[in-house]
Amino acid sequence: ICDGLKPSERKILYACFKRKLKDEIKVAQLSGYVAEHSAYHHGEMSLCATIVAMAQNFVGSNNINLLMPLGQFGTRNQGGKEAASARYIFTNLNKVTRHVFNESDDALMDYIVEEGQRIEPNWYLPIIPLILVNGAEGIGTGWSTSIPCYNPREIVENIRNKMKTGTFNEMTPWYKGFQGKIEKNNKGAYTVTGKYEWVERNGNTYLIISELPIKKWTKDYKEYLEKLMGLETKKEKEEEKKKKKKKGNDSSSSDEKKDKVKVLIEDFKEYHTNNRVNFEIKILDNYIDDYRNDEEKLIKKFKLQTSINVTNMVLFDKDMKIKKYSKIEDIMEEFYEARLNFYERRKNYLLSSLKRDLEILDNKVRFILAVINEELVIKKIKRRDLINTLYKNGYTPMSKINSMKIKSQIEDDIVDHNDADDEDNSAIVPAKEYDYLLSMSLWSLTYEKVEELMKNKEAKQKEIDMLSSMSEKDLWENDLKEFVQVLDVNTN
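Positions within a chain are numbered from 1, following the residues in the order the chain's sequence is written. With pLDDT at 70 or above as the cut-off, local features in this predicted model cover only qualifying residues; side-chain atom pairs require 80 or more to be listed or tallied, and sums for whole chains, interfaces and linings still use all residues. The basis for the side-chain values is all heavy atoms of the structure; hydrogens and waters are excluded.

1. Regarding the packing of aromatic side chains
Here a Phe, Tyr or Trp ring, Trp counted by its six-membered ring, pairs with any other such ring whose centre lies within 6.5 Å, and the pair is stacked when the planes are under 30 degrees apart, edge-to-face when over 60, and tilted otherwise. Summed over the entire model, instances satisfying the criterion amount to 14 aromatic pairs. The interplanar angle of 65° and the centroid separation of 6.1 Å between the aromatic rings of Phe268 and Phe279 together place this pair among those described as edge-to-face. Residue Phe268 is located in strand E11 (residues 265-270), and its partner Phe279 is located in strand E12 (residues 279-283); the two are separated by 11 residues in the primary sequence. Each member of the pair, Phe268 as well as Phe279, carries the same accessibility label: buried. Ring geometry for Tyr291 against Phe302: centres 6.1 Å apart, planes inclined by 80°, an arrangement best described as edge-to-face. On the criterion of sequence distance, the pair formed by Tyr291 in helix H10 (residues 285-292) and Phe302 in the loop between helix H11 (295-301) and strand E13 (305-308) is long-range, its members being 11 residues apart. Residue Tyr291 is classed as buried on the basis of its relative accessible area, which comes to 3%. Only protein chains enter the accessibility calculation, which uses a 1.4 Å probe; a residue is then buried when its area is under 20% of its type maximum, exposed when over 50%, and partly exposed in between. A residue is classified by how much of its surface remains accessible, and Phe302, at 0% relative accessible area, is buried. Note on criteria: charge over ring means Lys NZ or Arg CZ within 6 Å of the ring centre, with the direction from the centre no more than 35 degrees off the ring normal. The ring of Tyr336 has Lys162 lying over it, and the distance from NZ or CZ to the ring centre is 5.5 Å. Counting from the N terminus, the helices are the DSSP runs of H or I reaching at least four residues and the strands are the DSSP runs of E reaching at least two.

Take a look at the structure:
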């Protein structure tokens, strides 16, 4: 429920974030990198297929593709099955991905450690419920799940509505690029209807089908139309060959089957593009009036309608326990509470990080000014005495500065308190505590450097004041605003 990802998808995303994947990379190379850095225990062919699925953006695949499809990643003709080999196609992170999975949250995730290697977290927490954006369909041990896709912009508005009014509005499934109708029926499910029209041309009447129901692929539909013409499909021919071999070339059973097929179509033509469907069908004259006057019969015969159920929504919750959800609003509610609590954690972490940085800048400015004004002598003085003088003059040791910041799993401790190279055991604190001051170059004593540090200090203080004045909802609203802007640019 938190990130809408399966374990392999999460491993891929973790590897992309770790690599900061902005440049193009072969899918085959990326799969190798993922396997190496995320302890992937299965075949790399399976990993390549998952990367391809995450990058697909044709109608019926992803509303937001987290990876970019740079090459032949498949079309709606065969539902992506015709994607090129992993060694010929490239990918990188979609620009919108880092706005869905904000970088500021990375340090707060609960990362898994496997055989001493830190790998992906138990779950990420995007700014919107990705499980509803791209949907989910799968089967596990004892459980299956089926969740439709929804409009990310509508989800954003629904979250804003929850912030203002405390309630969620009901949403209708939505698939990017789909031109048909999705309507709620009286059974609590949703009816998906393709798009068609009748056209008169040169004294003939044609049925133009310009949209098929979701997950009904063009090639499969073409085979169905060929059946309605009385033609044998490639699959049927292969089956017939097998039967002939078994029955010693006795084709009587297949002839009987042929007689039962009702020929309905005289001919059809195709004018498709990669993401658009266009069948021009010439129905036999004696059937035209029948189907033109009976819309229900037409939709049923030409399979232009399917349904989407929302009765089998099973997910792992944030505690990694299986849970069945009865309504989309229940998923939204649980995600909302988890995400809002996480904004509180993010705010505290960022404040602690900013205060640590401010303390470092403050000490640096004081130190440089003291040296310039000759209030602090560092020339020809023993190391031990210099460390003690800094401590007595109130310069903060690094260990104390680090204690101001909330620790995260992805950061190493900066200070080693048991420094074996420390030669002055008589110093009040280890010499390494003041490395951040004493390791500055001589350039730091120039006027320009002092001015730069002063400006940085002021800017950091303003950041702290601004962040302190913002609520968790304000932070979320800022993220949503940036996300929608980037989404609009990418869509256009």
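Back to the write-up after that little detour.
2. Re the environment of Gly180
Checked against the element boundaries, Gly180 lands in the loop between helix H6 (152-165) and strand E7 (181-184). Residue Gly180 is classed as partly exposed on the basis of its relative accessible area of 22%. Through-space distance from the C-alpha of Gly180 to that of Ile299 is 13 Å; in sequence the pair is 119 residues apart. Any two residues having at least one pair of non-hydrogen atoms within 4.5 Å are treated as being in contact. Not counting residues within four places of it along the chain, the set of residues in contact with Gly180 comprises Thr193 and Glu211.

3. Considering the environment of Thr193
Tracing the backbone shows Thr193 in strand E8 (residues 190-193). Thr193 sits in the buried class, given a relative accessible area of 10%. With 14 residues separating them along the chain, Thr193 and Gln179 place their C-alpha atoms 9.4 Å apart. Apart from the residues within four sequence positions on either side, Thr193 is in contact with Phe178, Gly180, Lys181, Ile299, Leu304 and Gln305. Throughout this description, a polar contact denotes any pair of N or O atoms lying within 3.5 Å of each other; where both atoms belong to protein, one of them has to be capable of donating a hydrogen while the other can accept it, and for residues adjacent in sequence the pair is counted only when both atoms sit in side chains. For Thr193, the side chain forms a polar contact with the side chain of Gln305, separated by 3.0 Å.

4. Observations regarding the side chain of Asn62
Within the secondary structure, Asn62 is located in the loop between helix H3 (44-55) and strand E2 (90-91). Owing to a relative accessible area of 13%, Asn62 belongs among the buried residues under this scheme. A distance of 2.9 Å separates the side chain of Asn62 from the backbone oxygen of Ala53, its partner in a polar contact. Only 2.8 Å separates the side chain of Asn62 from the backbone oxygen of Gln56, close enough to count as a polar contact. In this view, Asn62 contacts Ala53, Met54, Ala55, Gln56, Asn57, Asn134 and Lys176; residues no more than four positions away in its chain are not counted.

5. Description of the sheet that holds strand E9 (residues 195-201)
What the 4 strands build is an open sheet, ordered E9-E10-E12-E11; its pairing is antiparallel. Two strands lie at the open edges of the sheet, namely E9 and E11, each paired on one side alone. Strand-to-strand twist in this sheet, taken as the mean axis angle between neighbours without regard to direction, amounts to 25°. Here strand E10 (residues 204-211) pairs with E12 via 3 bridges, running antiparallel. For Ile209, the partnering residue across the bridge sits in E12 and is Phe279. Set on the sheet, helix H7 (residues 218-228) makes contact with E10, E11 and E12; between it and E11 the angle comes to about 155°. Note: two strands are recorded as paired if DSSP finds a minimum of 2 bridges between them. Whenever a helix is involved, its axis is fitted only over the stretch in contact; in every case the axis is a line through C-alpha atoms, and angles between N-to-C directions fall within 0 to 180 degrees.

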